[in-house]
Amino acid sequence: MKKLAGKVALVSGSGRGIGQAIALKLAEEGASIVINDLDKAPADETLMKINKLGAQAAVCVGDVTEAGFGEQFVKTAMENFGALDIIINNAGYPWDSVIQKMSDEQFQAMLDVHTVAPFRILRAAAGPIRELAKKEKAEGQAVYRKVVNVSSIAGLYGNAGQMAYAAGKASMVGMTRTLAKEWGRYNVNVNCVAFGLIETRMTQALDGAAVTANIGENEIKMGIRPEMIQAMNQMIPLGRGGTPEEAAGAVYLLCTPESNYISGQILLASGGLIM
Ligand SMILES: NC(=O)c1ccc[n+]([C@@H]2O[C@H](COP(=O)([O-])OP(=O)(O)OC[C@H]3O[C@@H](n4cnc5c(N)ncnc54)[C@H](O)[C@@H]3O)[C@@H](O)[C@H]2O)c1
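Since this is a predicted model, take the numbers as computed values, not measurements.

**Student:** Would you mind going over the nonpolar core in detail, with residue names and values included?
**Tutor:** Soluble globular proteins tend to pack their nonpolar side chains together in the buried interior. The biggest cluster of nonpolar side chains holds 43 residues, and the ones touching the most others in it are Leu10, Ile87, Tyr93 and Trp183. Of all the secondary-structure elements, those providing two or more residues to this core are strand 1 (8-11), helix 3 (69-81), helix 4 (104-138), helix 6 (163-183), strand 6 (188-195), strand 7 (211-215) and strand 8 (218-222). Broken down by element, the residue count for this core peaks at 11 residues, all from helix 4. Sequence-distant contacts of Tyr93, defined by excluding residues within four places in its chain, comprise Ala109, Met110, Val113, His114, Tyr165, Ile215, Ile220 and Met222. Ranked by size, the runner-up nonpolar core spans 32 residues in total, among them Ile18, Ala21, Ala23 and Ala31.

**Student:** Tell me about the environment of Ser171, and please be specific about residues and values.
**Tutor:** Looking at the element boundaries, Ser171 is found in helix 6. Along the chain, Ser171 and Gly155 lie 16 residues apart, while their C-alpha atoms are 7.8 Å from each other. Setting aside anything within four residues of it in sequence, one finds Ser171 in contact with His114 and Thr115.

**Student:** Give me unusual backbone geometry: which residues, what numbers.
**Tutor:** Despite not being glycine, Asn187 shows a phi value in the positive range, around 60°. Note that Asn187 resides in the loop between helix 6 and strand 6.

**Student:** Can you lay out the packing of aromatic side chains for me, pointing to particular residues and giving the numbers?
**Tutor:** A complete count under the given rule lists one aromatic pair for this structure. When the ring centre of Tyr252 is taken as origin, the NZ or CZ atom of Lys25, which lies over that ring, is 4.7 Å away.

Cut-off values and rules
Residues numbered from 1 in each chain as written. Predicted model: local features only at pLDDT ≥ 70, side-chain atom pairs only at ≥ 80, totals over all residues. Heavy atoms only, no water. Core = buried A, V, L, I, M, F, W, Y, C linked by side-chain atoms within 4.5 Å. Buried < 20%, exposed > 50% of the residue type's maximum accessible area, 1.4 Å probe, protein only. Helix = DSSP H or I, 4+ residues; strand = E, 2+ residues; numbered from the N terminus. Contact = heavy atoms within 4.5 Å. Phe/Tyr/Trp six-rings, centres within 6.5 Å; stacked < 30°, edge-to-face > 60°. Lys NZ or Arg CZ within 6 Å of the ring centre and 35° of its normal.

In structure tokens, the structure reads:
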């Protein structure tokens, strides 16, 4: 029997990178997935990969920062699968500058995507989760649900050039610990995984031309200078960045029945790096 058979999971930003790896891992373990990304093409790529695994998925394309997105995300799960068991707040990106060059727009964008959007998704899920939990309690069942918020070591320890990103990611810690206290009565485990260096387009080595990603109307620079990656690898006890699959493994651990008594925790998946 697969560990997550019959479970339904929302995974934001699951068209690429860590989010896609999480969606595939949960699907491989039997969950049905609601995929989300900004654009249809990456979301459809994940859908195709999940279907290849013989698992089920539905797509909810959209910007997590749009008003009403949270309700749409939750509705997609309820309409397609009639359940909601796992919520992974993964969508995000860094928009970096040193403080004197950081605009209000930049700072606000980081709070919108890493703080406000996860809050709204979780608020939209509150109604269905409470109703399902009450029904299960009345029937004498104990069903555990899972929330995993994706943070960063920058949110825990700070990182030069990332004031806005760090602020957004740090807020996930407070939200995780608060919601763990609010939703314990509904048997929801609310945890957070803070990643170190994970190899995705966000952290790819910048050799020559800059790599950018279109986020709404903004073109955001992605990637890290190779000498910086080398320096980080030297600081990481395991000596290297992690793969998206290894990152997904950390999130998956907090979605399994073995984590039913773990809540309000921040798990570092950083190859041992603490800054
Ligand atoms: N890669 C790392 O080293 C690292 C380290 C710490 C934390 N993280 C966090 O992990 C998460 C995933 O990052 P990744 O490395 O896989 O990056 P990625 O760029 O490979 O993937 C992120 C995905 O999220 C989507 N996305 C971004 N903004 C969105 C929005 N507003 N609405 C919907 N989708 C949106 C992107 O289109 C993209 O497909 C992010 O929250 C990131 O901050 C990554």
